[in-house]
Every structure is written in C-alpha cells, then in structure tokens.
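Descriptive structure summary
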Amino acid sequence: MTVVFGILNVTPDSFSDGGSFRDVDAAVEHALSLVDDGADFIDVGGESTRPGADRVDEDEEHERVLPVVEALAAHGVAVSVDTMRASTARLAAAAGAAVINDVSGGLADPDMHAVIADTSVDYVAMHWHGLDHAVPDYSNVVRDVRGELKQRVAELIVHGVDPARVIVDPGIGFAKNAEQNWQLLGHLDELSSLETRVLVGVSRKRFLAEFAAEGAPATDRDPATATISALAAQAGAWGVRVHDVASTRRALNVWHAWQRGATA
Ligand code: PMM
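The model shown is predicted, which means the values in this text are computed figures rather than measured ones.

Here we look at the overall build of the protein
Helices and strands together make up the secondary structure of the protein, namely eight helices and eight strands. In terms of overall dimensions, the protein is globule-like: its C-alpha atoms have a radius of gyration of 17 Å, near the 18 Å expected for 264 residues. Projected onto its principal axes, the C-alpha coordinates of the protein cover approximately 45 × 40 × 40 Å. Here the protein, with 264 residues, has 51% of them falling under the buried criterion. Long-range pairs, those at least 24 residues apart, make up 66% of the contacts in the protein between residues at least 6 apart in sequence.

Laid out in structure tokens, this is it:
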C-alpha cells in the first residue's frame, strides 16, 4: 500500500512560534489526528521552502523541530524531518526521526550526505535548483530531472549510503512551470528505473488552482491532490506527501480496490 506523509509545518504562521510547550502540544495533537486519518509518517518542517523565503536561523530551526520530533517519537509515530541542514538532520536522527526529507537533495549543505551515511535514517533526495526556484532551461524536463536525481543517488552511494535507504522525489513545483510539472507526473514511471523508491509532493500546489473554484482557499485543491495521489500510486510511486491525509487515504483505498480487481 502506498505510504502517506502527512505535512506538519512548525513555522510561526502554523503551530509554533519557537518551541514553547503549548505549541509542541498543539503540533503533536494535529500530527496525531493526521495519523488517525491514515498517515504513515509525519513530515515535520521548521523552514518554509517557498520561493525567495528567508532562511531560518540554524538554532531557530532546531528549536522549532526537535521538541516535536522527540514528542512524536515518544508517541510511537514515524517521523520524517523536512530540512536542508545537515546539523538539523543529525540532531533529528538522534531525537528519533526515521526519515530526513531534504528538498535540496544535499545541494544546500555539503555535509548532508556524510551525516546521512553516519546515521541509519532513510533519506529523501528531491530535485532542486536553488532557493529562488528560477526555472532553468531544461532540454527535456523528464530526462534532465531523472539525470540529476541519478547523480544525487550516485553521490550518496560514494558517501557509503545504501541506495535501499534512498527515496527520490521529482520536486513538483520547484523550478518547474505547470506544464513541466505535468510532464514529470505523466512520466513518473521513468523514475522507477533509478531503482530507488519514489515520493511525490503536489499537495495544494499552485498549478492545481485551475481545478478549484476561482479565488478559493488552497484547501480547495485537496480533491485534485487526492486524485494525483491515486494516479501516482498507479504509476509506481512508493509514497505521497500531503496536507489533507484523509482525502488522499480514501483515494488510495479506491485505487487499491481497483488493483485487487485487476489482479483477481
Ligand atoms: N514540497 C514542499 C516542501 N517539502 N518535500 C518533498 N519531498 N517533496 C515536495 O514536493 C515538497 C517537500 C513545499 O510544499 P509545502 O510548502 O506546501 O509543504
């Protein structure tokens, strides 16, 4: 069954304003409701990845993320940490995280791959082209993204990381326009030939606005997100990363029933 990562942003505009006990409680409560909805992992992020967003100070990121990781691990929840910093990855692994989700694939911090090699966590290497998300001149977006992800996996192997611990992610919406996002989704199966697991994150992203009512809040993009989750599963994705776990889990259950019918 396809794995679901439920998104838990511990940034000041969400649950946390710097790690006070009450904020940790609120974050844990929300995470547990996502687990109830069917999340397999809770993906804790203390730094916005929006284009041009200011980097969060290192200590600040640690203060936001680590108490939540510890609390969730104590509840027996499988935790992923969305970070581009090797220091955060190291401390998060020590605090009980099972996965490090690095949107930069190791490009933002030269120490990241060595830290991953030193720990036993699984590692998501996402396709990334810098903090500003500027769209490069791809010759063929599917081939280029696949090629760059292959390079990230090769670098991890050189550092001594078993590729069985690596998950690649095409980085939908990161340095890609809507048409390029659709090309990557439509050719998702081509990433399978990298022989790693594949994760896909489209949740509430801007290119889904056309499938929601005009001017509607981002939550209106959840049906489109859930549909893509099922289609990604069909294309061989190992996991999806979403805000609204309940609707994606239902869509995946439908896909699963369809699969059972197909193989009966
Ligand atoms: N997208 C965002 C943040 N982290 N991680 C992975 N692995 N894949 C993604 O597509 C991804 C990510 C940005 O989305 P958000 O700001 O809505 O969380």
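Describing the pairing of strand E4 (residues 99-102)
Where a strand is regular, its side chains alternate between the two sheet faces. With burial as the criterion, each face of E4 is covered, one bearing Val-99 and Asn-101 and the other bearing Ile-100 and Asp-102. As paired strands, strand E3 (residues 79-82) and E4 are joined by three bridges and run parallel to one another. Residue pairing across strands places Val-81 opposite Ile-100, the latter belonging to E4. Read as a crossover between parallel neighbours, the route from E3 over helix H3 (residues 86-94) to E4 is right-handed. Bridge count for E4 against strand E5 (residues 122-126) is four bridges, and the pairing is parallel. Residue pairing in the sheet places Ile-100 in a bridge with Tyr-123 of E5. Taken together, E4, helix H4 (residues 112-118) and E5 form a β-α-β motif whose crossover is right-handed.

Here's the deal with the environment of Glu-29
Here Glu-29 shows up in helix H1 (residues 21-37). Here the alpha-carbon distance between Glu-29 and Ser-229, two residues 200 residues apart in the chain, equals 25 Å.

A closer look at the packing of helix H7 (residues 222-234) against helix H8 (residues 245-263)
The interhelical angle for the contact between H7 and H8, taken along N-to-C directions, is 35°, at an axis separation of 8 Å. Viewed along their axes, H7 and H8 form a crossing whose handedness is right-handed. Across the interface between the two elements, Asp-222, Thr-225, Ala-226, Ser-229, Ala-230, Ala-233 and Gln-234 of H7 pack against Ser-247, Thr-248, Ala-251, Leu-252, Trp-255 and Gln-259 of H8. Grouping the amino acids of the contact of H7 with H8 by side-chain chemistry returns six nonpolar, six polar and one charged.

Some words on the sheet that holds strand E8 (residues 239-242)
Taken in spatial order, the eight strands of this closed barrel run E1-E2-E3-E4-E5-E6-E7-E8, and their pairing is parallel. Recorded for the sheet is a direction-independent mean angle of 25° between the axes of neighbouring strands. Here four bridges tie E5 to strand E6 (residues 166-169), and the two strands are oriented parallel to one another. Following the sheet pairing, Val-124 is matched in E6 by Ile-167. Its contacts with the sheet put H8 on strand E1 (3-9) and E8, and the angle it makes with E1 is roughly 170°.

Re the site of the ligand
With respect to spatial proximity, 13 residues lie near the ligand, and among them Asp-82, Asn-101, Asp-169, Lys-205 and Arg-241 are the closest. Between Asn-101 and the ligand, the recorded distance is 2.7 Å, taken from a side-chain N or O atom to a nitrogen atom. For the ligand, whose unbound accessible area comes to 410 Å², protein coverage reaches 91%. Residues belonging to the shell around the ligand are distributed by class as follows: five nonpolar, four polar and four charged.

Here we look at a negative patch on the surface
On the surface, Asp-57, Glu-58, Asp-59 and Glu-63 cluster together to form a negatively charged patch. Inspection of the secondary structure assignment puts Glu-58 in helix H2 (residues 58-74). When its relative accessible area of 35% is taken as the criterion, Glu-58 is described as partly exposed.

Examining unusual backbone geometry
Positive phi is not limited to glycine here, since His-133 has a value of about 65°. Look at Arg-204: it is not a glycine, yet its phi comes out positive at around 60°. Positionally, Arg-204 belongs in the loop between strand E7 (197-200) and H7.

Conventions we followed
- Residues numbered from 1 in each chain as written.
- Predicted model: local features only at pLDDT ≥ 70, side-chain atom pairs only at ≥ 80, totals over all residues.
- Heavy atoms only, no water.
- Helix = DSSP H or I, 4+ residues; strand = E, 2+ residues; numbered from the N terminus.
- Rg over C-alpha atoms; globule rule 2.2 N^0.38 Å.
- Buried < 20%, exposed > 50% of the residue type's maximum accessible area, 1.4 Å probe, protein only.
- Contact = heavy atoms within 4.5 Å.
- Pairing = 2+ DSSP bridges.
- Right-handed = clockwise from strand over helix to strand, strands pointing away.
- Axes fitted to C-alpha atoms, helices over the stretch in contact; angles between N-to-C directions.
- Left-handed = near helix turned anticlockwise from the far one by under 90°.
- Nonpolar A, V, L, I, M, F, W, Y, C, P; charged D, E, K, R; others polar.
- Near = heavy atom within 4 Å.
- Polar contact = N/O pair within 3.5 Å; in protein donor to acceptor, adjacent residues only side chain to side chain.
- Areas by Shrake-Rupley, 256 points an atom, 1.4 Å probe, with all protein chains shown as cover.
- Patch = residues over 30% accessible without salt bridge, like charges linked within 9 Å, V, L, I, M, F, W, Y side chains within 5 Å.
- Salt bridge = Lys/Arg side-chain N within 4 Å of Asp/Glu carboxyl O.
- Lys, Arg positive; Asp, Glu negative; His and termini not counted.
- Charge placed at Lys NZ, Arg CZ, Asp CG, Glu CD.

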